[in-house]
Amino acid sequence: MISPDMNQVRGRFPALAREIDGRPVAFLDAPGGSQVPDVVIEAMAGYLRRSNANVHGAFETSRETDALIDEAHRAAADLLNADPDEVVFGPNATTLLLSISRSIARTLGPGDEVVVTRLDHDANVRPWLLAARDAGASVRWVDIRDDDVTLDGSSFEASLNERTKVVAFTLASNAVGTIPPATELVRIVRERTDAIIACDGVHLAQHRRIDARGIGADIVVCSPYKIFGPHLGILYGRRDLLEELDPYKVRPASDALPHAFETGTQNHEAFAGWVAAVDYLARLGGSRPNRREALAASFTDLIEPWERELAARFLEGITSMPHVRLYGIADLGRLHERTPTFAVRVGDRHPFETAKLLADRGIFVWDGHYYALELMERLGLQETGGAVRIGFCHYNTPDEVDRTLEELAGLG
Ligand SMILES: Cc1ncc(COP(=O)(O)O)c(C=O)c1O
């Protein structure tokens, strides 16, 4: 049962589309890309209709575009607790990481080491492997624990030494939902090395307010299209680091931060949608004069507790289904260590077959490896199709959890 407090919370989330061609559907695919509120769509259309232009012109629409770009940086800075000039936009998180890893590779050399994990999406693995390859540096891997698919703390510590120059780890696994203790991991790295720390916040950002400054990492990426906004990528870079690095850029482009790292013409209509998405998130928590505080409150007071109830309901439901095998934290007392994203196998069905059966019943979930390639290989699932990913977020309802449980029960 949903607690009375939570029933009040429910009324605060706007209704999003739950039908396709008149057929009711449950979107449980937010870890792959979230649904978008109407205000976001309208802001994008409004920009294209009224203000569409390139930057730094003498005319009105160009000046509006300049102002919008500044506002998009401020919105991201408010969401991530950073300064606007530490926020770099790009087409997606992967491109931004590949791009900055080239600049960082120039600071590496033979004998240096980079550390990556088996829990991460390939977007925060491969760029660092390529950087190490190009610089002649070595790679160390952090393992996961078999029982609950969390990062193995002793493997993490053992990977660090005075030669470590980059440490990359995720703030949450897009495959199994694990949330590593980021602030603690950063503290351990800082005690032992002067490495650049790159965190992948792409999955976490739709579930928790990410405090980039509080975590203390040098780089944090996230993707607006998973935070109820349009297709874009964001890279937070600590100012000192961005100032030290040599960006790959064309000559006429600005040398000032953050634009030196923003190559080419940006997606201005998506910036309009992004600002609307951040404002939508800020408004969920009620009206507060300060957007930064409002965002923090929306996540802590509404999104997190609501999602925790959905997660508990789902976990309780599958405990009575021996044919559903969960990979990841199952303990109801440890919901703060995971997002409501669940990787499962149902009987001996291929994950695609399970996802298709659910899709036929109007429940949209992912199957496969979702680019968390190392993890699926490490779990021994990759060869047989990965896993089914059922991912809830704040706009999902207890009824959708129950419908999903009913369908899963029927697949036994
Ligand atoms: C955890 C995680 N990191 C990185 C990415 C890559 O993000 P983008 O699509 O913005 O490149 C994804 C996308 O699914 C993801 O889930």
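In terms of helices and strands, the chain carries 14 helices and 15 strands. A globule of 412 residues ought to have a C-alpha radius of gyration of about 22 Å, and the chain, at 21 Å, matches this closely. Over its C-alpha atoms, taken along the principal directions, the chain stretches across nearly 60 × 55 × 35 Å. Considering the chain as a whole, with its 412 residues, one finds that 48% of them fall into the buried category. Here the contacts in the chain between residues at least 6 apart in sequence split such that 69% fall between residues at least 24 apart.

So, about the site of the ligand. What surrounds the ligand is a group of 14 residues, the closest being Asn92, Thr94, Asn174, Val202 and Ser223. The residue makeup of the shell around the ligand, split by class, is five nonpolar, eight polar and one charged.

On to the domain arrangement of the chain, then. Where interface size is quoted, it is often the accessible area lost as the parts come together. For the chain, the domain assignment lists domain 1 (4-30 + 293-410) and domain 2 (42-280). The C-alpha-based centres of domain 1 and domain 2 are spaced at 26 Å. Domain 1 puts 27 residues into the contact, and the matching count from domain 2 is 28 residues. Within the residue set of the side of domain 1 that touches domain 2, elements represented by two or more residues are α11 (291-319), β12 (341-346) and α13 (373-378). Looking at the side of domain 1 that touches domain 2 element by element, the count peaks at seven residues for α11.

With that out of the way, let us pick up the nonpolar core. Judged by nonpolar contacts, the single largest core of 125 residues is most densely connected at Val166, Cys199, Ile219, Val220 and Val221. At twelve residues, helix α10 (residues 268-284) tops the list of elements feeding residues into this core. Mapping this core onto the domain boundaries places at least three of its residues in each of domain 1 (4-30 + 293-410) and domain 2 (42-280). If sequence neighbours within four positions are ignored, Cys199 has contacts with Phe169, Leu171, Ala182, Ile215, Ala217, Ile219 and Val220.

Among the secondary structure elements, Ile318 is positioned in helix α11. You can call Ile318 buried: it has 21 C-beta atoms within 10 Å. A C-alpha to C-alpha distance of 9.8 Å links Ile318 and Glu406, two positions 88 residues apart in sequence. Discounting chain neighbours no more than four positions away, the residues touching Ile318 are Val324, Leu326 and Leu408.

We now examine the sheet that holds strand β10 (residues 233-237). On the basis of which strands lie adjacent, the open sheet formed by seven strands has the order β4-β10-β9-β8-β7-β5-β6 and mixed pairing. Edge positions in the sheet fall to β4 (87-90) and β6 (138-142), since each has one partner strand and no second. Each adjacent strand pair in this sheet contributes to an overall mean axis angle of 20°, direction not counted. By the bridge criterion, four bridges tie strand β9 (residues 219-222) to β10 in an arrangement that is antiparallel. Bridging from a neighbouring strand, Cys222 pairs with Ile234 of β10. The sheet strands contacting helix α3 (residues 60-80) are β4, β9 and β10, and the helix crosses β4 at an angle near 120°.

Quick look at the pairing of β6 now. As judged from the five bridges shared by strand β5 (residues 113-117) and β6, these two strands associate in the parallel manner. Considered in β6, the bridge of Val114 is made with Val139. In this view, the connection linking β5 to its parallel neighbour β6 by way of helix α5 (residues 126-135) has right-handed handedness.

This paragraph deals with unusual backbone geometry. Following Leu257, the chain continues into Pro258 via a peptide bond in cis, with omega recorded as 0°. When you line up the elements, Pro258 lands in the loop between α9 (239-244) and α10. Despite not being glycine, Tyr371 has its phi angle at roughly 70°, a positive value. Position of Tyr371 relative to the elements: it lies in the loop between β14 (366-368) and α13.

Attention now goes to α10. The first and last C-alpha atoms of α10 sit 25 Å apart over 17 residues, in line with the 24 Å expected at 1.5 Å per residue. Once α10 ends, the next one or two residues include Gly286, with phi positive near 100°.

Following both chains from N to C, one finds α3 and α10 inclined at 40°, their axes separated by 9 Å at the closest point. Judged by the inter-axis angle, α3 sits oblique to α10. When the axes of α3 and α10 are compared, the crossing they make is left-handed. Contacts between α3 and α10 involve Thr65, Leu68, Ile69, Glu71, Ala72, Ala75, Asp78 and Leu79 on the former and, on the latter, His268, Phe271, Ala272, Trp274, Val275 and Val278. Residue composition of the contact of α3 with α10, by class: ten nonpolar, two polar and two charged.

In this section: the sheet that holds β14. With respect to topology, four strands assemble into an open sheet ordered β11-β12-β15-β14, the strand pairing being antiparallel. Two strands bound the open sheet, and with one partner strand each, they are β11 (324-327) and β14. Ignoring strand direction, the axes of neighbouring strands in this sheet form an average angle of 35°. As judged from the four bridges shared by β12 and strand β15 (residues 387-391), these two strands associate in the antiparallel manner. Paired with Phe342 across the bridge in β15 is Ile390. Here helix α12 (residues 351-360) sits on the sheet and contacts β12, β14 and β15; the angle it forms with β14, its principal contact strand, is near 165°.

Rules and cut-offs
Residues numbered from 1 in each chain as written. Predicted model: local features only at pLDDT ≥ 70, side-chain atom pairs only at ≥ 80, totals over all residues. Helix = DSSP H or I, 4+ residues; strand = E, 2+ residues; numbered from the N terminus. Rg over C-alpha atoms; globule rule 2.2 N^0.38 Å. Buried ≥ 20, exposed ≤ 12 C-beta atoms within 10 Å, placed from the backbone. Contact = placed C-beta atoms within 7 Å. Near = placed C-beta within 6 Å. Nonpolar A, V, L, I, M, F, W, Y, C, P; charged D, E, K, R; others polar. Domains from an automatic or database assignment. Core = buried A, V, L, I, M, F, W, Y, C linked by C-beta atoms within 7 Å. Pairing = 2+ DSSP bridges. Axes fitted to C-alpha atoms, helices over the stretch in contact; angles between N-to-C directions. Right-handed = clockwise from strand over helix to strand, strands pointing away. Expected span 1.5 Å × (residues − 1). Parallel < 35°, antiparallel > 145°, perpendicular 65-115°, else oblique. Left-handed = near helix turned anticlockwise from the far one by under 90°.

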